[in-house]
Each structure stands twice: as structure tokens, then as C-alpha cells.
Amino acid sequence: MTDLRAVGAPPRLEWLVSTVAKVHNETRRARTLVLDVPLWPGHRAGQHVDVRLVAEDGYQAQRSYSIASPPESPSLELTVERLDDGEVSPYLCDVLRVGDGLEIRGPIGGYFVWDVAQGGPLFLVAGGSGIVPLMAMMRHYAAAPNELRADVPVRLLYSARTLDDVIYRDELEMGSRVDARVSLALTRDAPAGWGGYRRRIDRAMLEEVGWPPNESPRVFVCGPTPLVESVANLLVEIGHVPSRIRTERFGPTG
Ligand SMILES: Cc1cc2nc3c(=O)[nH]c(=O)nc-3n(C[C@H](O)[C@H](O)[C@H](O)COP(=O)(O)OP(=O)(O)OC[C@H]3O[C@@H](n4cnc5c(N)ncnc54)[C@H](O)[C@@H]3O)c2cc1C
């Protein structure tokens with residue numbers, strides 16, 4: 001029999017039982033789970049894990065969740081947005097408690113990842129919970145030594161329904177903590193006197209916020225499928241090279 005390891009197949013990931021060490025609500029619909037994971041092998045910014053729930057009758061449900069914490073963090077953080085008619089996210093947001101066990105498998109993914117040593121400029125575009133892996137990249141960047149960060153400017157364009165739906169709002173508003181130029185686009189309601197964008201992400205916005213193609217930014221786009229496809233198409237229309245654009249789709253709808 002062929003030994004798959006000998007021909008370069010990745011080792012099979014085992015399910016690990018993590019323990020919920022802390023939880024905190026990011027918004028009305030999104031919650032961060034801080035997990036202690038014995039034997040966690042480490043991860044790269046942008047990777048995700050699979051989460052498995054097993055009912056008493058043996059029924060299983062499995063979903064993917066991006067890792068919010070940077071590689072430098074001692075614990076693993078996931079941020080889950082509750083879909084009211086969903087199977088798994090309401091359990092993770094409303095039922096799971098500190099001290100509970102949670103089966104996870106990972107880290108997964110080698111494409112939608114960024115290390116500060118790869119350089120920039122870095123242009124991050126998120127919709128909704130698509131901010132999660134991009135936050136891992138910004139946190140990784142913030143933790144990097146100055147000599148690696150020096151030539152890597154970071155910009156984030158983040159689309160959310162309302163200001164209250166902005167995940168990691170405190171951290172993003174204090175730009176110094178993430179050290180990125182943050183632009184918000186609110187699609188539903190904006191508070192009186194709102195100075196940011198108040199529409200869906202469009203071509204003009206991408207041109208205003210991002211770098212021109214001749215500066216060859218590395219672009220990461222993450223969120224609901226329609227947003228990701230629209231943004232990726234617009235970036236190519238503007239003239240960005242497709243190989244510099246990496247995308248991750250979270251779900252079927254916005
Ligand atoms: C690589 C990857 C990383 C992900 N990372 C995150 C993350 O960090 N945080 C996070 O909250 N989610 C993330 N997701 C989405 C997550 O895997 C689930 O799809 C989501 O939590 C819904 O699961 P559910 O069981 O609650 O809903 P389901 O029972 O699967 O679906 C319920 C309803 O919602 C629709 N739906 C399913 N997924 C979505 C979605 N993402 N957006 C809108 N509608 C949807 C379905 O069509 C259905 O109508 C990620 C997905 C992928 C592929």
C-alpha cells in the first residue's frame with residue numbers, strides 16, 4: 001500500500017476536545033469563544049477550524065469557523081455570528097458556557113493566509129462575520145516586530161448593516177491597537193452625523209480606500225458569497241491582478 005505521507009499528503013487532522021475558557025459578546029448577534037486547546041499545533045493568520053457538535057443520539061453537525069486570534073496568542077478564539085434559523089451558530093452563541101467542552105479540528109487552509117514576512121501593502125475587505133480571519137491578520141501584524149511591519153501599510157474596508165453590527169468595534173475604533181486605516185461602510189442604518197460610507201461596497205469605494213493596482217497590494221476578501229464575488233470582480237475590473245486577490249466565502253446569503 002502507498003504511504004501517503006511519503007508522497008506529500010498532509011497528515012490527517014484529529015478531533016481535539018477544547019474547553020471554553022471565556023465568552024464575550026461582540027455585538028447583539030456575534031459572540032467570541034476563547035478556547036483552551038491542549039496540544040494545539042499552532043496556526044497562521046487566516047486559517048480556520050472545523051467544529052463538531054454531537055447529539056446524544058449520535059447525530060452530528062459540523063461547520064467551519066475562522067480563527068480570530070493571531071498565531072502569537074496562547075488561546076484560540078473563534079467569533080460566531082448567530083443565524084436565527086441556523087443549526088450550529090445559535091448553540092455556539094446562546095447555549096455553550098464557560099467550562100463546556102467543544103470538539104474542534106484544525107488548523108485548516110493554506111491559501112487564505114498571510115504572514116507579515118510576506119509583505120504588503122495589505123488591503124483587507126470584509127462583510128459581516130468575514131472580519132474574523134482578517135482580524136487575525138491585523139492582530140498578527142500588530143504583534144510583529146517593528147522591522148517587519150515597517151514597509152507593510154494595512155487598510156481595512158468593512159461592510160456591516162449598522163454600527164451596532166460592527167464586530168470588534170472597540171478594537172477597530174482604536175486604530176492604534178490594530179494599526180490599520182479602517183473604513184466602515186454601513187448598509188442599513190447609520191447614526192446621525194455618520195462620516196463613513198453609507199452604501200454597499202462599490203467600485204468607487206474600492207478605488208478610494210484601496211491602493212491602485214500599480215502598487216500591487218495583497219488583497220484578502222471575506223464574507224457572504226455575494227459580497228465576495230462582487231468585490232473580487234470589481235477589483236479585477238479596476239486592474240488588480242487576480243493572483244494578488246484571495247477570497248473566502250462564508251455562506252450562501254448576505
Ligand atoms: C472557511 C469558513 C470559515 C467560516 N468562518 C466563520 C466565522 O468565523 N464566523 C461565523 O459566524 N461564520 C463562519 N463561517 C460560516 C459557518 O461555517 C456557518 O455556515 C454559519 O455559522 C451558519 O451555520 P448554522 O449551522 O448556524 O446555519 P445553517 O443551519 O447551516 O444554515 C441556516 C440558514 O442560513 C443560511 N446560511 C448558512 N450559512 C450562512 C452564512 N454564513 N451567512 C448567511 N446565511 C447562511 C442557510 O442557507 C440556511 O438558510 C465560515 C464558513 C467557512 C466556509
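The structure displayed is predicted, hence computed values, not measured ones. (Residues numbered from 1 in each chain as written. Predicted model: local features only at pLDDT ≥ 70, side-chain atom pairs only at ≥ 80, totals over all residues. Heavy atoms only, no water.)

Colleague: Kindly report on helix α7 (residues 225-238), identifying the contributing residues and their values.
Modeller: With 14 residues, α7 extends 20 Å from end C-alpha to end C-alpha; this agrees with the ideal 20 Å at 1.5 Å per step. Along α7, the residues that are buried comprise T225, L227, V228, V231, A232, L234, L235 and I238. Contacts from the buried residues of α7 go to β7 (122-127), β8 (154-160), α6 (203-209), β10 (218-223) and β11 (245-249). Directly beyond the C-terminal end of α7, a positive phi value near 120° is found at G239. (Helix = DSSP H or I, 4+ residues; strand = E, 2+ residues; numbered from the N terminus. Expected span 1.5 Å × (residues − 1). Buried < 20%, exposed > 50% of the residue type's maximum accessible area, 1.4 Å probe, protein only. Contact = heavy atoms within 4.5 Å.)

Colleague: For the sheet that holds β7, give the residues involved together with the corresponding values.
Modeller: Adjacent strands of a sheet pair through backbone hydrogen bonds, lying either parallel or antiparallel. Across the sheet, 5 strands lie side by side as β9-β8-β7-β10-β11; this open sheet has parallel pairing. Looking along the sheet, the strands with just one partner apiece sit at the ends: β9 (181-186) and β11. Between one strand axis and the next, the sheet turns through 10° on average, direction left out of account. Across 5 bridges, β10 lies against β11 in parallel orientation. Within the sheet, the bridge partner assigned to V221 lies in β11 and is T247. On the sheet, helix α2 (residues 131-143) packs against β7, β8 and β10 and is oriented at approximately 150° with respect to β7. (Pairing = 2+ DSSP bridges. Axes fitted to C-alpha atoms, helices over the stretch in contact; angles between N-to-C directions.)

Colleague: I'd like to hear about the packing of aromatic side chains, residue by residue, with values.
Modeller: Applying the stated criterion to the full structure yields 2 aromatic pairs. An angle of 85° between the planes, with centres 5.3 Å apart, marks the rings of F112 and F220 as edge-to-face. Within this pair, whereas F112 is found in the loop between β6 (101-108) and β7, its partner F220 is found in strand β10, the two being separated by 108 residues in sequence. Look at F220 and you get buried, because its relative accessible area is 4%. Ring geometry for W114 and Y141: centres 6.4 Å apart, planes at 45°, overall tilted. (Phe/Tyr/Trp six-rings, centres within 6.5 Å; stacked < 30°, edge-to-face > 60°.)

Colleague: Explain the nonpolar core to me, using residue names and the numbers behind them.
Modeller: Ranked by size, the top nonpolar core spans 35 residues in total, and within it L124, I131, L134, M138, Y158 and L172 carry the most contacts. Only β7, α2, β8, β9 and β10 provide two or more residues apiece to this core. Considering each element in turn, this core owes the most residues, 8 residues, to α2. Among residues more than four places away in sequence, those in contact with L124 are L134, M137, M138, V154, R155, L156, L157 and F220. L35, V37, L96 and L102 belong to the second largest nonpolar core, which has 20 residues in total. (Core = buried A, V, L, I, M, F, W, Y, C linked by side-chain atoms within 4.5 Å.)

Colleague: I'd like a rundown of the pattern of salt bridges, residues and numbers included.
Modeller: In total, this model carries 15 salt bridges according to the counting rule given. Across the pair R63 and E87 runs a salt bridge whose closest N-O atoms are separated by 3.0 Å. Here R63, found in strand β4 (residues 60-66), pairs with E87, found in the loop between β5 (76-81) and α1 (89-95); they are 24 residues apart in sequence, far enough to count as distant. Given a relative accessible area of 33%, R63 falls into the partly exposed group. Close ionic contact of R249 with E229 constitutes a salt bridge, the shortest N to O distance being 3.3 Å. Of this pair, R249 sits in strand β11 while E229 is found in helix α7, placing the two residues 20 residues apart along the sequence. A network of salt bridges, in which partner residues are shared, links D164, R169 and E173. (Salt bridge = Lys/Arg side-chain N within 4 Å of Asp/Glu carboxyl O.)

Colleague: Please give an account of the site of the ligand that cites residues and values.
Modeller: Taken together, 23 residues surround the ligand, and among them R63, S64, Y65, E81 and S89 come closest. Between the ligand and the protein, one listed contact pairs a nitrogen atom with a backbone N or O atom of F250 at 3.0 Å. Isolated, the ligand exposes 890 Å² of accessible area, and the fraction of that covered by the protein chains is 77%. Elements supplying a minimum of two residues to the shell around the ligand: β4, β5, α1 and β11. It is β4 that contributes the most residues to the shell around the ligand, 4 residues altogether. Looking at the shell around the ligand, its residues break down into 8 nonpolar, 9 polar and 6 charged. (Near = heavy atom within 4 Å. Polar contact = N/O pair within 3.5 Å; in protein donor to acceptor, adjacent residues only side chain to side chain. Areas by Shrake-Rupley, 256 points an atom, 1.4 Å probe, with all protein chains shown as cover. Nonpolar A, V, L, I, M, F, W, Y, C, P; charged D, E, K, R; others polar.)

Shape is all these values report; function is a separate question.
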